[in-house]
Amino acid sequence: MQKYRCYMPATIILILLCVNIQTFAATIHVPADQPTIQSGIDAAKDGDTVLVADGIYKGEGNVNIDFKGKKIVVKSQNGAETTTISCRWTENTRGFIFQNGETHDSVLDGFSIMNGIHDLGGGIYCNNSSPTIKNCVIAWNRAAENDRGTGYGGGIYCFNSDAKIIDSIISNNRAESAYGGGVYFDGNTIIDDVILRETSFKPSLLNCTISDNTGSGVHIQSDASSEIRDSKIIHNSWRGIICTFFFSRRHPHYKL
C-alpha cells in the first residue's frame, strides 16, 4: 500500500498539468471574436486555434496574413469549399505568409486561396519556415515577373523550408517565367562555398493534386530534396516535375 502512495503526488501533478494545458488553449472565432483573420492571429497564443466562419475574406487583415511565428492552428469551420481568401488580383498580395521560423506546429487548415499576385508565391509564401498546410485549395494565383524578369511559384513558394503540404489541390496557377506554376521549392545550403546547413531541406507534398498550372507543376531547385508521395501531377503546361542542381555527398564542399 505504501508504494502506491508514493505514486500519488506525481499522478496528481500530471493531471493538473493536463488540465492547465487544456484551460489555457483558447479558440478565437472570426469574425465573432475578432473582425479579421490577421487580428485573430494577433490575439492568439501558442496552442490556440483561430476558427474562421464560412465566407469570402478579402481586404486588409484578410490577405497577406502573417502567422508571426506562432504555433497555432488557423482553421476554417467547414472547409475550403465554403471559406475563401480572395486577393482580388491585387499586386503584391498573397493569401498567407510564413517568414518567422514557423514549424509544423503552425497549421493552416481548410481554405481556398485565390487570385493572388506576387513574384514569389502568388498564393502562399514560406521563407525559412516550415508550416503544415492541409485541406487547402490554392488556385488562380500568379507569380508575376519581377525586375529581373522572373517569378517563382504561382501557387506556393518555399525557400529553406520543410513545409508539409497535405491533402491539398494546387491548380490553375501561373508562373510568368514558368518556374513552378504550381509549386516552387528552393533550398540554397551553399552560398559562395559556405555551407549554411549540412542536411538538405525536405518539403513534402502528400496526397495532393497539382494540375492545370501554367508552367511546371513542381519545380525543385538547389538542395530542396522534396518528398512527393501519393500525389497527382497532371495537365500542367510545362513539365510535371523539374529538379535542378542535383547534389551528392561527394560534392567537394559537403562536410560529412
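Data block above holds the structure.
Parameters and conventions
- Residues numbered from 1 in each chain as written.
- Predicted model: local features only at pLDDT ≥ 70, side-chain atom pairs only at ≥ 80, totals over all residues.
- Heavy atoms only, no water.
- Helix = DSSP H or I, 4+ residues; strand = E, 2+ residues; numbered from the N terminus.
- Buried < 20%, exposed > 50% of the residue type's maximum accessible area, 1.4 Å probe, protein only.
- Contact = heavy atoms within 4.5 Å.
- Areas by Shrake-Rupley, 256 points an atom, 1.4 Å probe, with all protein chains shown as cover.
- Lys, Arg positive; Asp, Glu negative; His and termini not counted.
- Salt bridge = Lys/Arg side-chain N within 4 Å of Asp/Glu carboxyl O.
- Disulfide = S-S within 2.5 Å.
- Core = buried A, V, L, I, M, F, W, Y, C linked by side-chain atoms within 4.5 Å.
- Polar contact = N/O pair within 3.5 Å; in protein donor to acceptor, adjacent residues only side chain to side chain.
- Pairing = 2+ DSSP bridges.

Student: Give me the lowdown on the overall build of the protein, citing residues and values where you can.
Tutor: Helix and strand content of the protein: two helices and 27 strands. Burial analysis of the protein (256 residues in total) assigns 46% to the buried set. Of the contacts formed within the protein by residues at least 6 apart in sequence, a portion of 74% connects residues at least 24 apart. Accessible area of the protein: about 13000 Å², with a carbon and sulfur share of 52%.

Student: Describe the side chain of Lys70, and please don't skip the residues or the numbers.
Tutor: Counting through the fold element by element, Lys70 comes out in the loop between strand 4 (65-66) and strand 5 (73-76). We note that Lys70 is buried and unpaired, the nearest opposite charge coming from Asp42 at a distance of 5.2 Å. When residues no more than four places from it in sequence are discounted, the contact partners of Lys70 are Ile41, Asp42, Ala43, Ala44, Asp46 and Ser106.

Student: Got a sec to walk through the state of the cysteines? Specific residues and values, please.
Tutor: In total, this model carries zero disulfides according to the counting rule given. Cysteine Cys136 remains unbridged, with the sulfur of Cys208 as its closest cysteine sulfur at 9.7 Å.

Student: Could you give me a rundown of the nonpolar core, with the residues and numbers involved?
Tutor: Of all hydrophobic cores here, the largest spans 38 residues; its most connected members are Ile37, Leu108 and Ile124. When contributions to this core are tallied by element, the ones reaching two or more residues are strand 1 (27-30), helix 2 (37-43), strand 2 (49-52), strand 7 (96-98), strand 11 (124-127), strand 15 (156-159), strand 19 (183-187) and strand 24 (218-222). If sequence neighbours within four positions are ignored, Ile37 has contacts with Val30, Val52, Tyr57, Gly61, Asn62, Ile65, Val74, Ile85 and Phe111. Ile97, Tyr125, Tyr157 and Tyr184 belong to the second largest nonpolar core, which has six residues in total.

Student: Please set out the environment of Ser231 residue by residue, giving values where relevant.
Tutor: Take Ser231: it is sitting in the loop between strand 25 (227-229) and strand 26 (232-234). Its relative accessible area of 23% is what places Ser231 among the partly exposed residues. Residues Ser231 and Thr209, 22 residues apart in the sequence, show an inter-C-alpha distance of 5.7 Å. Those residues in contact with Ser231 that lie beyond four places of it in its chain are Leu205, Leu206, Asn207 and Cys208. Side-chain polar atoms of Ser231 contact the backbone oxygen of Leu205, separated by 3.5 Å. A polar contact is formed between the side chain of Ser231 and the backbone nitrogen of Asn207, at a distance of 3.3 Å.

Student: Give me the lowdown on the sheet that holds strand 15, citing residues and values where you can.
Tutor: Paired through their backbone hydrogen bonds, the strands of a sheet run either parallel or antiparallel. If you trace the seven strands from one edge of the open sheet to the other, you get 4-7-11-15-19-24-27, paired in parallel fashion. Both outer strands of the open sheet, strand 4 and strand 27 (241-243), are each paired with one neighbouring strand and no more. Sheet analysis places strand 15 next to strand 19, joined by four bridges and oriented parallel. Each bridged residue has a counterpart across the sheet, and for Tyr157 the counterpart in strand 19 is Tyr184.

Student: Which residues make up unusual backbone geometry, and what values do they have?
Tutor: Residue Pro31 follows Val30 across a cis peptide bond; omega there is 5°. Mapped onto the elements, Pro31 comes out in the loop between strand 1 and helix 2. The backbone of Asn135 sits at a positive phi, close to 55°, despite the residue not being glycine. Locating Asn135 in the fold gives a position in the loop between strand 12 (132-134) and strand 13 (137-139). When its relative accessible area of 34% is taken as the criterion, Asn135 is described as partly exposed. Although it is not a glycine, Asn207 sits at a positive phi angle of roughly 55°. One can find Asn207 in the loop between strand 22 (204-206) and strand 23 (209-211).

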